[in-house]
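# Remarks on the overall topology
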Number of protein chains: 2
Amino acid sequence: MALKDLARVARNDDGIALVLGILKQRFGERFQTGTALRGQHAHTTTYIPAQMPDGVLFAQSADDVQAAVEVCAAHRVPIIPFGTGTSLEGQVNAPGGGISIDVSQMNRIIEVHAEDLDCVVEPGVTRKQLNTHLRDTGLFFPIDPGADASLGGMAATRASGTNAVRYGTMRDNVISLDVVLPSGRKITTAKRARKSSAGYDLTRLMIGSEGTLGIITQLTLRLAGQPEAITGGVCPFPTLEAAVQAVITTIQMGLPVARIELANTLQMQAIIDYASLDLPVGPCLFLEFHGTERGVAEQSETFGEIAGDLGGGPFIWSAHEEDRSRLWQARHDAYWAALTLRPGAKGISTDVCVPISQLADCIVDTETDIAEHDLVAPIVGHAGDGNFHVLLLIDDTSREEIAAAESFVERLNLRALAMGGTCTGEHGIGQGKMAFLEMEMGGAVDVMRSIKRTLDPDNIMNPGKILRL
Amino acid sequence: MALKDLARVARNDDGIALVLGILKQRFGERFQTGTALRGQHAHTTTYIPAQMPDGVLFAQSADDVQAAVEVCAAHRVPIIPFGTGTSLEGQVNAPGGGISIDVSQMNRIIEVHAEDLDCVVEPGVTRKQLNTHLRDTGLFFPIDPGADASLGGMAATRASGTNAVRYGTMRDNVISLDVVLPSGRKITTAKRARKSSAGYDLTRLMIGSEGTLGIITQLTLRLAGQPEAITGGVCPFPTLEAAVQAVITTIQMGLPVARIELANTLQMQAIIDYASLDLPVGPCLFLEFHGTERGVAEQSETFGEIAGDLGGGPFIWSAHEEDRSRLWQARHDAYWAALTLRPGAKGISTDVCVPISQLADCIVDTETDIAEHDLVAPIVGHAGDGNFHVLLLIDDTSREEIAAAESFVERLNLRALAMGGTCTGEHGIGQGKMAFLEMEMGGAVDVMRSIKRTLDPDNIMNPGKILRL
């Protein structure tokens, strides 16, 4: 198979026709088949064409989900779970048609257990909604992938983001899931205890399975205590290598940095122009420390020393929210600033993740690649994890540019794999990276296939994603 | 099935006879069938009788393991992975006989990547061996289950221990595993990047599978930076509730406590007598903070205030290694001190884990249960996780006492489950807790069974553990 071959999903027209009728009758207005709405549920942020589902169910409860899955299972019709549609590798596309189950109306925060630092939510609750709800509890949910994604979707794609370096990823912050399996059966993957060694870790099996093993209908999440104090700041470096070395030293010293984000020279140029900032054009790190007042001040000072030893700095930081926000504005604006580098172009974000010791080499080689192929593609990275994103600015109506982007992604992935890295740190496999998953995992992909076939023998749950069966 | 029914594993005498011959020929002196050695590989720390394997292979490489598994697979003979034999729920017992594969000679530390804070080791490396090796690197491996267990065994049982509250469990600290599957095929579950969202999380599927899905032949582990400073100390409380409330407040405030251990009144009485300590007899917390000098001092002071507000204290702490060790000696001696409560008795350790809000109730109810049934059973807990251990001191030659212990364990597990907890926080299911796993997980156990049957259709990999098939 070629690297860019998608998984083929045969279309079951008869089954789909039957299911459309049954779901319409059962759910009335909550089941929609209009083209615009179906289109909204199949948008993709990749260069893969949108593939619409045949209908969209707005589920309001686990019972709704279960009923719909049972109908689809009986007629072997694909199901595509949908949260907010912010996934980045075609996870909500419907290559064989079928039913999009939209859980955005399942957005109740069911319980907050402040003493246990956990909460129970429905899958359509977004991270911002949850944090707004938690504001007065002294707690917060720390995973921040950028987009205001649904928590169900974040679990399904094993999302992480800017403060994974301190708080971990969705893998680490989900205690338990309710999942409707392809059979229509609902299971709970764990109790609410903070740890357990009871049997196979089904919670982690579901996290990152991108809806191919079931639909998440409830989540129990770990919460963190809101830090007493936060400092944030920005620090320029003469070279990318120096910036990455500062990251390595910071982590080796055990400085509990909450965010440590890297932007490369092109990205900084865009940011500086976009926001009229007074910073040198060159690689920059954006940092945030969480802790006690004295603790974060001490950590910020220590980081300033690390940066200085490497020829970087000054590290301009502040404990005041307004100043912090201003210093971080550049990072927050990275995407919008990047778009100005090529007005009218579409931004396609791709990610890889390598051991941190390889991060500078991997980014420098990627910058060379970008230059050699006349691409416009700034880079930002969650440097503490060795994870970085390339935003390809392309004319997505041009076949040549799409082909060039595909070739670039292929080279990027091969480069990351050759350095001991993974083809995706946080975006997932979706439709676009199946071939790279196979290269990365070798025979282990067969184990994944065995599990998929066992739990979903008719391949109805988000078919055409993760695995070419 | 009754709660205490073990899984039956039919004995395949013909297959075993064949395999014994083949392995003897292939491995010579490294394959042993003497009774004493087989007995050492089947000892159990539970009340379940020892069940010996038919032979013990001392594997020296993944190739050895693969070759042995292929032979066993061809003749449908059970394989029982063995590290140091410190598991606590009968994980190394051989209910249907078969071959114990002892990996203790696979004890090479293959690579240390200081810049990436990770290392690659063989499964027989013990945690103390690894930490001795790392001493001069500024790094350490933080998981400490007490015993000097093998890292392969720790991964297989999803071990944790005293500093899981800060550093997580084996779930969080394994990056990748090499595993020989029941088919004899070897897979690598992940690349060396610190995070990935590439496909199903096979690493986590293997962690905690207790050797029932494969044998671990290599591990890539996350390391932590050795803290610049450590403080440790001990803090008495008037009541168990006050001690647990101090734990909850500490964690809610986001104090990054590295260890926060609870001992109940009986345990403290034993400790105080054993070590002639000058402490009031009552519940106690033992704490450790890791960080910068200023940071740990600040945190220790803050904890002292929390304790004081709850009527506890004084919190006696020190940053000097010798003093810390002295203050923590009581905790380290807990097991030996406990044994003095009933000289000659065998200590059987059992564990459950509940949401922290339930911890005080669960322990108090358990103390009442212990008193009502005239048992001698002190309690220590990894309080920050809601995990606690009861050490039952019984005469293991007495059928009545074994029956009483079984009944107690049953009540303890039902109590933890009723409080939203799990039947094991860190010891695993093994042979002893299969019925409780079924009660805890309901239909999810069927998903575990599906996975087991798919990956191990002949049920040769550590049969009779975790799942009653």
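Predicted model, so just to flag it, every value in this text is computed and none were measured.

### Some remarks on the relation of the copies chain A and chain B
Superposition record for chain A on chain B: RMSD 0.0 Å, screw rotation 180 degrees, translation along axis 0.0 Å. Both copies are brought into coincidence by an operation consistent with a two-fold rotation axis. Residue by residue, 100% of the interface of chain A is reproduced at the interface of chain B, so both copies engage with the same surface.

### Remarks on helix H14 (residues 359-372) of chain A
All names here are of chain A. End to end, H14 covers 20 Å across 14 residues, agreeing with the expected 20 Å (1.5 Å per residue, within 8%). Along H14, the residues classified as buried are Leu359, Ala360, Cys362, Ile363, Thr366, Asp369 and Ile370. Looking at the buried positions of H14, the neighbouring elements they touch are helix H9 (240-252), strand E13 (257-263), strand E17 (379-382), strand E18 (387-394) and helix H15 (399-418). Just beyond H14, the residue with positive phi is Asp374, at close to 50 degrees.

### Some points on the UniProt feature "domain: FAD-binding PCMH-type" (unreviewed entry) in chain A
As recorded in UniProt, the feature "domain: FAD-binding PCMH-type" (unreviewed entry) lies at residues 49-226 of chain A. Secondary structure within residues 49-226 of chain A divides into 22% helix and 24% strand; the distance between the first and last C-alpha atoms comes to 42 Å.

### Digging into the side chain of Thr162 of chain B
Residue and element names in this part refer to chain B. You can see Thr162 is positioned in the loop between helix H5 (151-156) and helix H6 (164-167). At 2.7 Å, the side chain of Thr162 forms a polar contact with the side chain of Arg259. Beyond its immediate stretch of four places on either side in the chain, Thr162 contacts Asp144, Ala258, Arg259, Ile260, Glu261, Arg331 and His382.

### Details of the packing of H9 of chain A against H14 of chain A
Residue and element names in this part refer to chain A. Packing of H9 against H14 brings their axes to within 9 Å, and their N-to-C directions diverge by 150 degrees. Here H9 lies roughly antiparallel to H14, going by the angle between them. The way H9 lies across H14 gives a crossing that is right-handed. Contacts between H9 and H14 involve Leu240, Glu241 and Val244 from the former and Leu359, Ala360, Ile363 and Val364 from the latter. The residue inventory of the contact of H9 with H14, partitioned by class, reads 6 nonpolar, no polar and 1 charged.

Parameters at a glance
Residues numbered from 1 in each chain as written. Chains lettered and ligands numbered in written order. Predicted model: local features only at pLDDT ≥ 70, side-chain atom pairs only at ≥ 80, totals over all residues. Heavy atoms only, no water. Least-squares fit on C-alpha atoms with pLDDT ≥ 70 in both. Contact = heavy atoms within 4.5 Å. Helix = DSSP H or I, 4+ residues; strand = E, 2+ residues; numbered from the N terminus. Expected span 1.5 Å × (residues − 1). Buried < 20%, exposed > 50% of the residue type's maximum accessible area, 1.4 Å probe, protein only. UniProt positions renumbered as here; feature names shortened; annotations may be inferred. Polar contact = N/O pair within 3.5 Å; in protein donor to acceptor, adjacent residues only side chain to side chain. Axes fitted to C-alpha atoms, helices over the stretch in contact; angles between N-to-C directions. Parallel < 35°, antiparallel > 145°, perpendicular 65-115°, else oblique. Left-handed = near helix turned anticlockwise from the far one by under 90°. Nonpolar A, V, L, I, M, F, W, Y, C, P; charged D, E, K, R; others polar.

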